[in-house]
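# Report on the structure
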Amino acid sequence: MKSNRPHIDIIPLPAFSDNYIWIIRYENKAIAIDPGDANPVLHYIAEHHITLTHIFITHHHPDHTGGVRSLVEQTGAMVYAPNTARFSYADQPLNDDDAIDLGKDLTFRIINCPGHTIDHIAYYNPELNTLFCGDTLFSAGCGRIFDGSALMLYHSLQRFAQLPGETKVYCTHEYTLANIAFAEHVEPNNDALIQYKKWCIAQRQQSRPTLPTTIEQEQAINPFMRVRDSAQIPAEQQFIELRKAKDRF
Ligand SMILES: [Zn+2]
């Protein structure tokens, strides 16, 4: 029996030294997430004869937005971005819990996730169980603090932790091995982390991404997802200390 499910692929386009621009390819169309550079996206859509229909932005940093203007000029794609003054050029400003409906299997819910920046958002697709989280969560780590706060970031990661464990997490940097070095320092006896490190090394040796990860995987290996209240120190305080320790590591 033929499935009605449209075929959807999610493809990483490497950019700069360690960014991924994620492409959601559906039918003969594509959505680009955080295109810091227009060229890899233009090259990809030309090579595959597909149309760029939408650009999703998670936050304002240039390595996530630098290609937007050029892509809009050359493709006419619609820009979705947080509903703040920084993104006055957006066609569709987005608030927490807003829904985007682009057709079957292409619905997204907005999750406000401040911390790395004050107006950072993530795009969650419940049908495909996928989360595009920008620089909020990384595999084995989390974003640095710019104009948000570590406490905000703690609460943002707690929101991600409520998603189903099998949710695939599409982070925008290949930072995994560097993050694992710090995670090992925090939890030297974490067996799941030791196993995961072997897998990540093998992936990178073959020039493959370590991403996407999953919420369940991060709960097993990511020290920033593993802080718990203790008798002496509440979880959020431990998180803040951990974030500071990572900055010094
Ligand atoms: Zn950033």
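Let me sum up the structure you'll find in this document. (Residues numbered from 1 in each chain as written. Predicted model: local features only at pLDDT ≥ 70, side-chain atom pairs only at ≥ 80, totals over all residues. Heavy atoms only, no water.)

## Things to note about the coordination of the zinc ion
- Note on the zinc ion: its protein donors are H59 (NE2), H61 (ND1), H116 (NE2) and D135 (OD). The metal-donor distances range over 2.2 to 2.3 Å.
- The site at the zinc ion holds four donor atoms, and with the angles between them running 91 to 169°, its shape is irregular. (Donors = N, O, S within 2.8 Å, 3.2 Å for Na, K, Ca; no water. Tetrahedral: all angles 85-135°; square planar, octahedral: opposite > 155°, others 65-115°.)

## Some words on the nonpolar core
- Counting residues in hydrophobic clusters, the biggest one holds 44 residues, and the most contacted among them are F108, Y123, L131 and F160.
- If we ignore the near neighbours within four places in the chain, the residues touching F108 are I24, I31, F56, D98, A99, I100, Y123, Y124, N125 and F132.
- If you look at the next biggest cluster of nonpolar residues, it comprises 23 residues, including I23, V41, V79 and A81. (Core = buried A, V, L, I, M, F, W, Y, C linked by side-chain atoms within 4.5 Å. Buried < 20%, exposed > 50% of the residue type's maximum accessible area, 1.4 Å probe, protein only. Contact = heavy atoms within 4.5 Å.)

## Looking at the pattern of salt bridges
- Evaluated as defined, the whole model comprises 10 salt bridges.
- Between D119 and R86 there is a salt bridge; the shortest N-O distance is 2.8 Å. Separated by 33 residues along the polypeptide, D119 in the loop between strand 8 (107-112) and strand 9 (121-125) and R86 in the loop between strand 5 (78-82) and strand 6 (92-94) bring together distant segments of the chain.
- Here the salt bridges share partners, and the residues they tie into one network are R86, D119 and D147. (Salt bridge = Lys/Arg side-chain N within 4 Å of Asp/Glu carboxyl O. Helix = DSSP H or I, 4+ residues; strand = E, 2+ residues; numbered from the N terminus.)

## Thoughts on the sheet that holds strand 8
- Spatially, six strands are ordered 7-8-9-10-13-14 in an open sheet, and the strand pairing comes out mixed. The sheet is open, and its two borders are formed by strand 7 (99-101) and strand 14 (213-214), each paired with just one other strand.
- Strand contacts of helix 4 (residues 150-161): strand 8, strand 9 and strand 10 (130-134), with the helix running at about 150° to strand 8, the strand carrying the most contacts. (Pairing = 2+ DSSP bridges. Axes fitted to C-alpha atoms, helices over the stretch in contact; angles between N-to-C directions.)

## Details of the sheet that holds strand 2 (residues 19-26)
- Reading across from one edge, 1-2-3-4-5-6 is the order of the six strands in this open sheet, with mixed pairing throughout. A single partner strand is all that each edge strand has here, and the edge strands are strand 1 (8-15) and strand 6. Along the sheet, successive strands turn relative to each other by an average axial angle of 20°, direction set aside.
- Sheet topology note: the strand 2/strand 3 (residues 29-33) ladder contains five bridges and is antiparallel. Considered in strand 3, the bridge of Y26 is made with K29.
- Helix 3 (residues 68-75) rests against strand 4 (51-56) and strand 5 of the sheet, and its axis sits at about 150° to strand 4.

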